[in-house]
Amino acid sequence: MVDKALNESKYIDHPLLKDKIKKMSEHLMLSKFPLQAEFFFLAYELLEKPENITSDKLRQAYYVACASELNDLTEYMDVNQTMTLKSNTDIINGKCTWTAVAALKHFNAEQRKIFEECYNSSDPEKIKRVLRLYDEVNMRDLYRKEEKARYDLFLEKVSKLPADSVPSPDFFITILRYFQSYTTNISRYYYI
């Protein structure tokens, strides 16, 4: 699929660039569990009528699923020891992420001052200091509490859906349970 897209591209005609894109695509597709593609296929199977699922439709679904995975070529994320999954680029770029906002709510005055000095910096020592601040306020537990609260709220809303709604309540429950199994231990989905 990647070769076909690169060969048909009107904008990418330099062989070294094509080779680099191909290698990055292969690395991305083979180095992690294709979660987005799995979600796509799960949704397709649950929403499409069985009589409409043909080999041609499955091939098209495969292309869409692959494209959704390739879209990730822009959030490589760095796995580190302190957080399950945290992108150092969020710290470097000073992004307004859930992690940063939640941490700010729990910092004392001294921690907040250090955070303001270190966040939005590419200095490796400042990045490490931000990650230590996250450990100090126990971001992992804060995340799990937030995750559980959202999970419970989601279940409450789904339980109020009519049994004959489309998609069905079972569809939402299946997606939620699949996602929850993914977030419980994300490291098992990364093979590198």
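No experiment lies behind these values; they were computed from the predicted model shown.

It is worth spelling out the overall build of the chain at this point. Counting its secondary structure elements, the chain contains 10 helices and zero strands. Counted from the first residue to the last, the chain has its helices and strands arranged as α-α-α-α-α-α-α-α-α-α. Of all 192 residues assigned to the chain, the portion counted as buried reaches 30%. Accessible surface, the chain as shown: approximately 13,000 Å² in total, 56% of it carbon and sulfur.

It is worth spelling out the packing of aromatic side chains at this point. All chains considered together, the criterion is met by three aromatic pairs. Taking 5.9 Å as the distance between ring centres and 80° as the angle between the ring planes, the aromatic pair formed by Trp98 and Tyr143 counts as edge-to-face. Of this pair, Trp98 sits in helix H6 (residues 98-106) while Tyr143 sits in helix H9 (residues 139-159); the two residues are 45 residues apart in sequence, bridging distant segments of the chain. Among the residues examined, Tyr143 registers a relative accessible area of 33% and is labelled partly exposed. Considering the side-chain rings of Phe107 and Phe115, the 5.4 Å spacing of their centres and the 50° angle between planes classify their relative orientation as tilted. On the basis of relative accessible area, Phe115 is assigned to the buried category, the value being 5%. Here the aromatic cluster, defined as three or more aromatic residues joined through ring pairs, consists of Phe107, Phe115 and Tyr119.

Once that is clear, we can look at the pattern of salt bridges. For the structure shown, the criterion picks out eight salt bridges. One salt bridge connects Arg150 with Glu146, and the closest N-O pair in it is separated by 2.6 Å. Placement of both Arg150 and Glu146 in helix H9 is noted, with a separation of four residues, approximately one turn of the helix. For Arg150, a relative accessible area of 53% translates into the label exposed. Judged by its relative accessible area of 28%, Glu146 is partly exposed. Note that Lys160 and Glu156 form a salt bridge whose closest N and O atoms lie 3.4 Å from each other. Taking the relative accessible area as the measure of exposure, Glu156 reaches 41% and is therefore partly exposed.

Rules used throughout
Residues numbered from 1 in each chain as written. Predicted model: local features only at pLDDT ≥ 70, side-chain atom pairs only at ≥ 80, totals over all residues. Heavy atoms only, no water. Helix = DSSP H or I, 4+ residues; strand = E, 2+ residues; numbered from the N terminus. Buried < 20%, exposed > 50% of the residue type's maximum accessible area, 1.4 Å probe, protein only. Areas by Shrake-Rupley, 256 points an atom, 1.4 Å probe, with all protein chains shown as cover. Phe/Tyr/Trp six-rings, centres within 6.5 Å; stacked < 30°, edge-to-face > 60°. Salt bridge = Lys/Arg side-chain N within 4 Å of Asp/Glu carboxyl O.

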